[in-house]
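Residue strings, one per chain:
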There are 2 protein chains.
Amino acid sequence: MSTATRQRASIQRVRPSVLGGRYPAKAVIGRPVDVTADIVGDSHDLLAAVVQYQRDGGTGWQEAWLQLERNDRWEGSFTPAALGRVRFRVVAWVDHLSTWVRDTRTKTAAGMLEEVDLAVGAEIYARRAKRARDKDRERLRAVAAQLTDASLDAAARADRATSEDIAGLARRYDSRAHAVRSATYEVEIDRERAAFSTWYELFPRSASPDPERPGTLRDVIDRLDHVKGMGFDVVYLPPIHPIGVSHRKGRNNSVHAAPDDPGSPWAVGGPEGGHLDIHPELGTAADLRALVAACQDRGMELALDIAFQCSPDHPWVSEHPEWFKQRPDGSIQYAENPPKKYQDIYPIDFETPDADALWAALKGVFEHWIAEGVRIFRVDNPHTKSFAFWEWCLGELKAEHPGCIFLAEAFTRPKVMYELAMRGFNHSYTYFTWRRHKQEIEEYYTELFHTEVADFFRPNSWPNTPDILTDQLQHGGRAMYVQRLVLAATLTANYGMYGPAFELMWSANRPGAEEYLDNEKYEIKTWDADQQHWSLAEVIRLVNGIRHRHPALQQDRTLHFHEIKNDQLLAYSKTDRSGRDVVLIIVNLDPYNTHAGTTWLDLEALGLQPDTDHFELVDVFGGGTYHWHGPENFVQLDPHVAPAHIFEIRLPPRDERDHDPGV
Amino acid sequence: MSTATRQRASIQRVRPSVLGGRYPAKAVIGRPVDVTADIVGDSHDLLAAVVQYQRDGGTGWQEAWLQLERNDRWEGSFTPAALGRVRFRVVAWVDHLSTWVRDTRTKTAAGMLEEVDLAVGAEIYARRAKRARDKDRERLRAVAAQLTDASLDAAARADRATSEDIAGLARRYDSRAHAVRSATYEVEIDRERAAFSTWYELFPRSASPDPERPGTLRDVIDRLDHVKGMGFDVVYLPPIHPIGVSHRKGRNNSVHAAPDDPGSPWAVGGPEGGHLDIHPELGTAADLRALVAACQDRGMELALDIAFQCSPDHPWVSEHPEWFKQRPDGSIQYAENPPKKYQDIYPIDFETPDADALWAALKGVFEHWIAEGVRIFRVDNPHTKSFAFWEWCLGELKAEHPGCIFLAEAFTRPKVMYELAMRGFNHSYTYFTWRRHKQEIEEYYTELFHTEVADFFRPNSWPNTPDILTDQLQHGGRAMYVQRLVLAATLTANYGMYGPAFELMWSANRPGAEEYLDNEKYEIKTWDADQQHWSLAEVIRLVNGIRHRHPALQQDRTLHFHEIKNDQLLAYSKTDRSGRDVVLIIVNLDPYNTHAGTTWLDLEALGLQPDTDHFELVDVFGGGTYHWHGPENFVQLDPHVAPAHIFEIRLPPRDERDHDPGV
């Protein structure tokens, strides 16, 4: 009964990981997964460490070396080559060869090398040789033999045996004696569009070119070129299902609908069917498939909105009354948040004894639309459905269809939003919508990208939604729209907009509410997309084009805030993984007044040497080439001309930088 | 095969916990353990949560309610009543009664209460009644019946059923349907001295009153009253074992010892024995037991130093050569940190194939001295022994002797120090020794007390050790000594000093080294404890007395830094758990010059109302009563008079504060 172990290393805080491995972290196919771990050993001996990884269900491990960075933090990476889940773990051990190399070099330099030190090295090399084969074995054996050949100069023997050349070879044959292995962690591998996407939301019933008839899915097809032309790649539709008539809400959310009021698409279900059906006025399943195909033809994708709630007329209400909360008088409990009542909506009761059937039916809704070719879903109010359900449902769906992307529409408390992301949502709505001051933007995105949150939460920034017309968009005018566009599009790699409203800058709110007047949720609109004198389409096209041309803007975690001495000016940069594409954004957060300030740039974060004197910036948004000097530069932005700079930094060629004599 | 669960709550980030439960957290008998967890549920329903706890090996759980504080963080506590390990877990569920109470109150206030709402409440009360007995059952049944009695006024029925009185009763009979349970976490319960202790280190061989003969353990007994008089409660001795003669170090760490040089006590083992033996010149096992008893008589305790390394003359070297690293020439590898050599020391090889016997022998050393009555051990350089060994050894020893306290003497990289604390050391040396500037002190103690580190790492602050005479103590004079004393004694509840050197302010260093000249490690000294004109004894007695009288200073985690506008002035406060004892410390960090500055106090952290105008402070260190007003107050400290204020805040009586009309 041996309790003793000869392991001498310890591995802690492995990342990416979510709550110590309770949930999978998130990554993207073809993009390196950065692995870090705190690894310590006793004494002064050097350690070696690798990350080992395999596809879920696979056997055998691939591996990559970790390097010691600082403060006992080790770093490395692997690049997933397939969708689905990848498992990884960290392995570390005492590296006796590297320890000997380091000590022998020190002793040689100090002139205190002894014959016995070389004999110790010979033993190590002889052990490595035994594990090697063919030529490598011969080379390592020769080193071992030479080390104890007293006829040769001791320093020369030490030099040879401590060369990177030979020590590097021997490193491959380490027995890794007494290696320590971390727990195994999981990473969910999404496709590229999970990391970088640009969403445009529109109501198909308002897509008609003819004000006299409501729009259809076919009308949406006709709009696609316009949307594509602005640089969007995800077209997202509110629920397309039949709409309830009982307690239907009228225009401007009034409790009494007029006979011709179309109702809210989120009051799902009516006599014509429920979550598996298409509103007859929108079209047929064939129309939807045509729309899916038309999106694909243009390199775009269709996203559907899944809202798990039922109007009183939904077929489930009669077929499965036990899925809803019954009241003592036999009625079904409608949604309420006292004193507010939503009598047009029945929430689902996740404490139902019939939970098995309920869960299966809900998952079946996604499966139905997946069968129709849809792979992206925006999920309405997921925080009013059980977390356990989402973990199961999204896990099952992704196992079967690993390309699926789910966006959590939960504007609620931070820990609830994080919980949903941990349980499997690929994207999450954020507080961006309300974050407008410098300090709150800096704090929020630092939390999102530079804490453990980054391992599981992928923000999708929206300046507006059909539910939210913020105070700043009501009053800030065009400058504010442009500012919010630039921020959403450059702070996060995923962003979207409630398209026609943003594009045409609808700014009138229902009095006293942070909501659109004559909200499209309750009535059919006709957009005049040709109203070019009053449209942001060109600016949106410009910004989305910059996003597509600059890999830096397709990243989240490289976001870096820079100092600038004016509370109304916000400065931040992003780089791509190679560090060759660097974009610096400076935004005037005040939509009314010109502001000026002096930067204090972190030049290294911009890919420049810390002592860089001159560098060139091209403003790919406002235009112009700038010549800046060191960290301190003057900036002035008139919001009515251009509320932002989006600078491409012109880096010196790599060679030149590498040979900078200052380094 | 049901996968569906009806659980709707989720529990994350339970604390105290170490790396998600991998290691036990630390707590103290009789002191409440503050438990926190992030708990979220879906929808707007209210949750309820408890912490359940039991002694390790016990059955059945005791429990305490958690309360929702803010941002979905729940808090509660339990108070351990015995030493050893306690297990705890958090349980949470949807609280339908509280949800109904909240909604019913809102609806009543809005005048929208319906009969069916009361019927829903009646159902809930009827279910609770079924779980209750006797009178409680009758009361709850009566509430249920009354709720549906339409002959009574609806609002009156609602009022009764939503009263704290009756809802609180019903709360006890919640079925906790679909409750979620966290993982189980462990807390190691130490005795009070682990939380609050004051250490004095002395070399027994220097304790002789007669310069002509070396000191003994009996001489230490004669010194105890002096040490006790200064307010210390732990007397700690360097290793008391026989000392090696091979390669013995001479005075001032010279490589050649003179014949009468006594050698370093850390070169453990000689012809007279090893780790289980006492140096013959120090005395016998009986003398040690007498010293243990003499300490106990005075309410003090003896701490021994265990240094797991061997001189070449240690019996283990011949008895167990396989416990050491053999070199190819048959010699044993001495300690080295190239280019430094320590030929008087053989480190133990924790990769030995004989690890079982080695581990047992090392643990046996502690057991031997525990059998002699010792319960506190300072462990020398634990970071050069394997972490796995410590986890096993300390775990086994504490299971058998739960009162044991182990102090890790590891001045190494932060993550290694943390690793040792996680593996079981009750106390840890800290970087306090070198932290002297305001910002570095604030940052360091914020990391120690206000991050996850607080759950496992108990700092023991030492201004000096026989190994370390810092630059500031070499040059700062008496003011620096007093400053460092006040800081060590008030920043952390555990602190200690290398006593005679600190008390008598030995400040001469070996040239070029951060080490004492004529270091006691290599020679025998005679202290002149009566040299009162050149002693800090009175100041030490004063400071330690303040620590004993103020429970606030017996805490770590209540440390709170306050703003003060001068980089040389440091301001911080501590409170006891009740918040009734509040101490505010202001230190002038410059030992040469008078400094003045204006505070910006966090009045609430001082137990005062935020709008407090006048409050009284008594300087229990420098003397005097002060009358301050609000957060902004002028401070001036002349280091040559008193480098610090230690203020006792005179709080208004509790009643008065509670009835403050401003609140």
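Residues numbered from 1 in each chain as written. Chains lettered and ligands numbered in written order. Predicted model: local features only at pLDDT ≥ 70, side-chain atom pairs only at ≥ 80, totals over all residues. Heavy atoms only, no water.

**Some thoughts on the overall build of chain A**
Inclusion rule: Only DSSP runs of H or I covering at least 4 residues are called helices, and only runs of E covering at least 2 are called strands; the numbering of each starts at the N terminus. Each residue's exposure class comes from its accessible area (1.4 Å probe, protein chains only) as a fraction of the maximum for that residue type: buried when under 20%, exposed when over 50%, partly exposed otherwise. In what follows, a contact means two residues having at least one pair of non-hydrogen atoms within 4.5 Å. For the area figures, the Shrake-Rupley method with a 1.4 Å probe applies, and any residue is considered shielded solely by the protein chains shown. Note on charges: Lys and Arg go in the positive column, Asp and Glu in the negative column, and His and the chain ends are not counted at all. The atom standing in for a charge is NZ when the residue is Lys, CZ when it is Arg, CG when it is Asp and CD when it is Glu.
In terms of regular secondary structure, chain A is built from 18 helices and 30 strands. Classification of the 663 residues of chain A by burial places 58% in the buried group. Within chain A, residue pairs in contact and separated by at least 24 positions form 75% of the contacts whose partners lie at least 6 positions apart. Surface exposure of chain A reaches about 25,800 Å², of which carbon and sulfur atoms provide 48%. Distance from the positive charge centre (75 side chains) to the negative charge centre (98 side chains) of chain A: 5 Å.

**Quick word on the packing of aromatic side chains**
Defined as follows: Pairing of aromatic side chains here covers Phe, Tyr and the six-membered ring of Trp, requires ring centres within 6.5 Å, and sorts the geometry by plane angle: under 30 degrees stacked, over 60 edge-to-face, intermediate tilted. Each ring is checked for a lysine NZ or an arginine CZ that lies within 6 Å of its centre and within 35 degrees of its normal; such an atom marks a charge sitting over the ring.
Applying the stated criterion to the full structure yields 82 aromatic pairs over all chains. Arranged with centres 5.7 Å apart and planes meeting at 15°, the rings of Phe377(A) and Phe406(A) form a pair that is stacked. Of this pair, Phe377(A) sits in strand β18 (residues 376-380) while Phe406(A) sits in strand β19 (residues 405-409), and the two are 29 residues apart along the sequence. Phe377(A) gets classed as buried once you look at its relative accessible area, which sits at 0%. Considering the side-chain rings of Phe411(B) and Tyr429(B), the 5.0 Å spacing of their centres and the 85° angle between planes classify their relative orientation as edge-to-face. Here the residue Phe411(B) occupies a position in the loop between β19 (405-409) and α12 (414-423), and Tyr429(B) occupies one in strand β20 (residues 427-429), the gap between them amounting to 18 residues. Looking at Phe411(B), the relative accessible area reads 23%, which means it is partly exposed. Feature note: the residues Phe308(A), Phe350(A), Trp359(A), Phe366(A), Phe377(A), Phe389(A), Trp390(A), Trp392(A), Phe406(A) and Phe425(A) constitute an aromatic cluster, connected by ring pairs. The side chain of Arg435(B) reaches across the aromatic face of Tyr444(B), ending 5.2 Å from its centre. Here the guanidinium or amino end of Lys525(B) rests over the ring plane of Trp506(B), the centre of that ring lying 5.2 Å away.

**Topic: the domain arrangement of chain A**
All names here are of chain A. For the record, the criterion: For the purposes of this description, domain bounds are those given by an automatic or database domain assignment. Joining two parts hides part of their accessible area as seen by a 1.4 Å probe, and the buried area is that hidden amount summed over both. Criterion for a salt bridge: a side-chain nitrogen of Lys or Arg within 4 Å of a carboxyl oxygen of Asp or Glu. Three classes are used, and their members are as follows: Ala, Val, Leu, Ile, Met, Phe, Trp, Tyr, Cys and Pro are nonpolar, Asp, Glu, Lys and Arg are charged, and the others, Gly among them, are polar.
Per the domain assignment, the segments of chain A are domain 1 (9-95 + 182-189), domain 2 (97-171), domain 3 (199-309 + 355-550) and domain 4 (554-659). Contact residues are listed per partner, giving 5 residues for domain 1 and 4 residues for domain 4. Both sides together, the interface formed by domain 1 and domain 4 hides about 350 Å², and carbon and sulfur atoms give 22% of it. Remark: the boundary between domain 1 and domain 4 carries 1 salt bridge. One salt bridge in this structure joins aspartate 34 and arginine 577, with 2.8 Å as the shortest N-O distance. Its residues assigned to classes, the side of domain 1 that touches domain 4 comprises 1 nonpolar, 1 polar and 3 charged.

**Digging into the environment of Val86(A)**
Topologically, Val86(A) is positioned in strand β8 (residues 84-94). Not counting chain neighbours up to four residues away, the residues in contact with Val86(A) comprise Tyr53(A), Gln54(A), Arg55(A), Asp56(A), Phe78(A), Pro80(A), Tyr185(A), Glu186(A), Val187(A) and Ile189(A).

**Section: the relation of the copies chain B and chain A**
Relating one copy of the chain to the other takes a rotation about an axis and a shift parallel to that axis. Defined as follows: Our superposition of the copies is a least-squares fit, built on the C-alpha atoms of residues whose pLDDT is at least 70 in both.
At an RMSD of 0.1 Å, chain B and chain A line up after a rotation of 180° and a shift of 0.0 Å along the axis. Taken together, the turn and the small shift mark the pair as related by a two-fold rotation axis. Taking C-alpha positions as reference, the residue of chain B nearest the rotation axis is Gly20(B), located at 3.1 Å. When the interface residues of chain B are mapped onto chain A, 100% of them again fall at the interface, so both copies present the same face.

**Here we look at the pairing of strand β28 (residues 625-629) of chain B**
Residue and element names in this part refer to chain B. The cut-off we apply is this: Strands are treated as partners if at least two bridges between them are detected by DSSP.
Judged from the 5 bridges that link them, strand β27 (residues 614-619) and β28 form a sheet pairing that is antiparallel. Each residue of the ladder has a partner; that of valine 618, found in β28, is threonine 625. In sequence, β27 turns back onto β28 through a hairpin of 5 residues, with glycine 623 there showing a positive phi of about 90°.

**A few points about the interface of chain B and chain A**
Formally: Polar contacts, as counted here, are pairs of nitrogen or oxygen atoms within 3.5 Å of one another; within protein the pair requires one atom able to donate a hydrogen and one able to accept it, and residues that are adjacent in sequence qualify only if both atoms are side-chain atoms.
Listed per partner, the contact involves 67 residues of chain B and 67 residues of chain A. Here chain B meets chain A over a buried area of about 5,800 Å², counting both sides, of which 54% is carbon and sulfur. Seen at the junction of chain B and chain A, the total is 12 salt bridges. The partner of Glu114(A) in a salt bridge is Lys341(B), and the shortest N-O contact between them spans 3.0 Å. The interface formed by chain B and chain A holds 30 residue pairs in polar contact (both at pLDDT 80 or more) in total. Where the side of chain B that touches chain A is concerned, the elements lending two or more residues are β1 (9-15), β3 (33-41), α1 (96-109), α2 (115-131), β15 (335-337), α10 (355-371), α11 (387-400) and α12 of chain B. For the side of chain B that touches chain A, the element with the highest residue contribution is α12(B), accounting for 6 residues. Its residues assigned to classes, the side of chain B that touches chain A comprises 24 nonpolar, 18 polar and 25 charged.

**Brief notes about α1(B)**
Three- or four-residue spacings in an α-helix give side chains the same orientation, since the helix completes a turn every 3.6 residues. The test is simple: One fewer than the residue count of a helix, multiplied by 1.5 Å, yields its expected span.
With 14 residues, α1(B) should cover 20 Å at 1.5 Å per step; its first-to-last C-alpha distance of 20 Å lies within 8% of that length. Among all positions of α1(B), only Leu97(B), Thr99(B), Trp100(B), Val101(B), Asp103(B), Thr104(B) and Lys107(B) are buried. Buried residues belonging to α1(B) abut β15 (335-337) of chain A together with α2, α3 (134-147), α4 (154-161) and α5 (164-171) of chain B. Of the residues that open α1(B), the one with a side-chain oxygen 3.2 Å from the backbone nitrogen of Leu97(B) is Asp95(B).

**Examining the nonpolar core**
Worth spelling out the cut-off: To define a nonpolar core, start from buried Ala, Val, Leu, Ile, Met, Phe, Trp, Tyr and Cys residues and group those joined through side-chain atoms within 4.5 Å.
Core analysis: the biggest nonpolar cluster contains 135 residues, and Leu302(A), Phe366(A), Trp369(A), Tyr445(A) and Phe621(A) have the highest contact counts within it. When near neighbours in sequence (up to four residues on either side) are disregarded, Phe621(A) contacts Val482(A), Val486(A), Val539(A), Leu542(A), Val543(A), Ile546(A), Ala642(A), Ala644(A) and Ile646(A). Trp199(B), Phe308(B), Phe449(B) and Ala489(B) belong to the second-largest nonpolar core, a separate cluster that totals 134 residues.

**Points about the sheet that holds β1(B)**
Note the following rule: Axis definition: a line fitted to C-alpha atoms, limited for helices to the stretch in contact. Angles are taken between N-to-C directions and run from 0 to 180 degrees.
If you walk across this open sheet you meet the 4 strands as β1-β3-β7-β6 (chain B), and the pairing is antiparallel. One side of each edge strand has no neighbouring strand; the edge strands of this open sheet are β1 and β6 (67-68) of chain B. Sheet topology note: the β6(B)/strand β7 (residues 73-78) of chain B ladder contains 2 bridges and is antiparallel. Each bridged residue has a counterpart across the sheet, and for Leu68(B) the counterpart in β7(B) is Trp74(B). Against the sheet, helix α12 (residues 414-423) of chain A engages β1, β3 and β7 of chain B, with an angle of about 100° to β1(B).

**Some thoughts on the pairing of β18(A)**
Residue and element names in this part refer to chain A. Defined as follows: Note on handedness: a clockwise path from strand one over the helix to strand two, with the strands aimed away from the viewer, defines a right-handed crossover.
Of all 5 residues in β18, 5 are buried; the element is thus mostly enclosed. Side chains of β18 alternate between two faces, with Ile376, Arg378 and Asp380 and Phe377 and Val379 buried alike. One ladder, built from 5 bridges, connects β18 with β19; its direction is parallel. In the strand pairing of β19, isoleucine 376 is matched with isoleucine 405. Tracing the backbone out of β18, into helix α11 (residues 387-400) and back to the parallel element β19 gives a crossover that is right-handed.

**Quick look at the sheet that holds strand β6 (residues 67-68) of chain A**
The antiparallel open sheet is built from 4 strands, whose spatial order is β1-β3-β7-β6 (chain A). This sheet does not close on itself; its edge strands, each paired only once, are β1 (9-15) and β6 of chain A. Where strand β3 (residues 33-41) of chain A and strand β7 (residues 73-78) of chain A come together, 6 bridges link them in antiparallel fashion. Looking at β7(A), one finds that Asp38(A) is bridged to Arg73(A). Docked against the sheet, α12(B) engages β1, β3 and β7 of chain A, running at close to 100° with respect to β1(A).

**Description of the side chain of Thr492(A)**
Following the sequence through the fold, Thr492(A) ends up in the loop between α15 (477-491) and β22 (494-498). Here Ala488(A) takes part through its backbone oxygen, which lies 3.3 Å from a polar atom of the side chain of Thr492(A).

**Here's the deal with the pattern of salt bridges**
Tallied over the full model, the rule gives 98 salt bridges over all chains. Between Glu188(B) and Arg85(B) there is a salt bridge whose closest N-O contact spans 3.6 Å. With Glu188(B) in strand β10 (residues 185-190) and Arg85(B) in strand β8 (residues 84-94), this residue pair connects regions lying 103 residues apart in the sequence. The exposure class assigned to Glu188(B) is buried, which follows from its relative accessible area of 7%. Each of the salt bridges in this network shares a partner with another, and the network as a whole consists of Arg13(A), Asp38(A), Arg73(A), Lys415(B) and Glu452(B).

**Observations regarding the environment of Leu118(A)**
Checked against the element boundaries, Leu118(A) lands in helix α2 (residues 115-131). Once residues lying within four places of it in the same chain are set aside, the contact partners of Leu118(A) are Trp100(A), Leu113(A), Leu147(A), Ala154(A), Arg157(A) and Ala158(A).

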